[in-house]
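# Structural characterization, general
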Amino acid sequence: MSALLSVEGLTVTIGGRAVVDDVSFDVVEGGRLGVIGESGSGKTMTALSVVGLAPDVATITGRIRLDGADLVGRDDKAYAALRGDRVAMVFQDPRTALNPVMRVGRQISEPVRLHRGVGRHEAARLAVELCARVGLPDPARAARAYPHQLSGGQRQRVGIAMALACRPALLIADEPTTALDVTVQAEVMGLLRQLVTEDGTALLFISHDIALVSGVVDDVLVMRDGRIVERGPVAAITGRPDHPYTRQLLEAARRTSYEGVAP
C-alpha cells in the first residue's frame, strides 16, 4: 500500500541543537503508527513539523510528503489549506487548544466552513451532529456551550470532533489523554479507535505511554534524544523489545499500571 505520509531524514534544529535527528517513517492510508518516548525525545516536534506548526526559530531539513507532495518549505497559507482538511491534529490539553470565548459549535464547524464552503446554518447543524458523534450528552446544548462549561473529557471530545469534521486522511493525536483522569482516558481512547476505524482515517499517535499506544496502533517507533532507536509491529516491540530504552519504557508502564496510576 502506498504511503499517505512519508517522512525522510527529518531533522529539526533549534539553537544549534538537533531536537529531531534524521527521522524517517511512513504512514500508509488507513494505517496506525505510534511514536513513543519520554519528554524531550522529539516526538511532538516531529508531529508539529508534519503539520507546519514547528516554532519559527526551528530549521527543518529532510522531506515530508503528504499525498506525494512535498511540504517542507511551504508557507503558512499552504499549510493552512491542508490543516483541518487532509491532515488534522488533536492536542494534549483541550483547555489551551480551544478558544475560551467562542461557543463549542462554532469551533467545531470552523473546519467545514473554511474547507468545504458550508453556510452558517448548515455548519451549525453539522456541529450538533458532530457533538452527537463524539458522544457529548445533549449535543444541541453542548454546541451552544463555552469550553469552560464542559468537563475535561468533554472538551477533548470537542477537540476530536473539530479534528474529524472534514474527515481528514490523516489524524495526528499528540498525547490526547495526558490531561485526563484514568477513566476518561479509556473512554477517549475507545472513541478515537472507533472513529478512525469508521472513517478509514490513518492515525499517527504520539505518547510517552507504551501501554496506552499498544491498544490503538499497529506499528511503533521508539524515539530517544531526537532519534528513532527501535521500530516494528506493536506486538513485537511490547513483547520482545531489543533496545534497553524500550525495555525501560515498558517497565515504567508496568510499574505505573501496578501502582494504579494509569491503565
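All of the points below concern the structure found in this document. (Residues numbered from 1 in each chain as written. Predicted model: local features only at pLDDT ≥ 70, side-chain atom pairs only at ≥ 80, totals over all residues. Heavy atoms only, no water.)

### Some remarks on the pairing of strand β2 (residues 17-28)
Inspection of the sheet shows strand β1 (residues 3-14) paired to β2 by eight bridges, in the antiparallel sense. Looking at β2, one finds that V7 is bridged to F25. With antiparallel pairing between neighbouring strands as the criterion, β1 and β2 make up a hairpin whose turn holds two residues, including G15 at a positive phi of roughly 60 degrees. (Pairing = 2+ DSSP bridges. Helix = DSSP H or I, 4+ residues; strand = E, 2+ residues; numbered from the N terminus.)

### Details of the packing of helix α7 (residues 152-164) against helix α8 (residues 182-199)
Packed helix pairs are specified by the crossing angle of their axes together with the interaxial distance, meaning the distance between the axes. Two elements in contact, α7 and α8, have axes separated by 10 Å at closest approach and are oriented at 15 degrees. Judged by the inter-axis angle, α7 sits roughly parallel to α8. Handedness of the α7/α8 crossing: right-handed. In this structure, α7 contributes G153, Q156, R157, I160 and L164 to the contact, and α8 contributes V184, E187, V188, L191, L192 and L195. Looking at the contact of α7 with α8, its residues break down into seven nonpolar, two polar and two charged. (Axes fitted to C-alpha atoms, helices over the stretch in contact; angles between N-to-C directions. Parallel < 35°, antiparallel > 145°, perpendicular 65-115°, else oblique. Left-handed = near helix turned anticlockwise from the far one by under 90°. Contact = heavy atoms within 4.5 Å. Nonpolar A, V, L, I, M, F, W, Y, C, P; charged D, E, K, R; others polar.)

### With respect to unusual backbone geometry
Notably, D22 is not glycine yet its phi reads approximately 60 degrees, a positive angle. Tracing the backbone through its elements, the reader meets D22 in strand β2. In this structure, D138 takes a positive phi of about 50 degrees despite not being glycine. You can see D138 is positioned in the loop between α5 (120-133) and α6 (139-144).

### Structural notes on the sheet that holds strand β10 (residues 227-233)
If you walk across this open sheet you meet the six strands as β6-β7-β8-β3-β9-β10, and the pairing is mixed. Taken across any chain shown, the strands that pair with only one partner, and hence form the sheet edges, are β6 (87-90) and β10. Pairwise comparison of adjacent strand axes, ignoring direction, gives a mean angle of 15 degrees for this sheet. In this sheet, strand β7 (residues 170-174) lies alongside β6 in parallel orientation, the contact comprising four bridges. Paired with M89 across the two strands is I172, which belongs to β7. Each of β6 and β7 is contacted by α7, which is oriented at about 175 degrees to β6, the strand it contacts most.

### Quick look at α8
Here α8 spans 26 Å end to end across 18 residues, near enough to the 26 Å set by a 1.5 Å rise per residue. Next to the buried residues of α8 lie β3 (32-36), α5, α7, β7, β8 (202-207) and α9 (210-214). N-capping of α8 is provided by D181, with a side-chain oxygen placed 3.3 Å from the backbone N of T183. (Expected span 1.5 Å × (residues − 1). Polar contact = N/O pair within 3.5 Å; in protein donor to acceptor, adjacent residues only side chain to side chain.)

### Quick word on the layout of surface pockets
Here the largest pocket is characterised by a volume of approximately 500 Å³. Taken together, 22 residues make up the lining of the largest pocket; nearest its centre are R83, G84, F91, P111 and M162. Secondary structure elements with two or more residues in the lining of the largest pocket: β6, α3 (94-97), α4 (104-116) and α7. Broken down by element, the lining of the largest pocket gets its largest block of residues, five residues, from α4. (1 Å grid on protein atoms, 1.4 Å probe; cavity = no way out; pocket = protein on both sides within 12 Å on 5 of 7 lines; lining within 4 Å. Points joined across faces, edges and corners; volume = space filled by probe spheres on them.)

In short, shape yes, function no, at least from these values alone.
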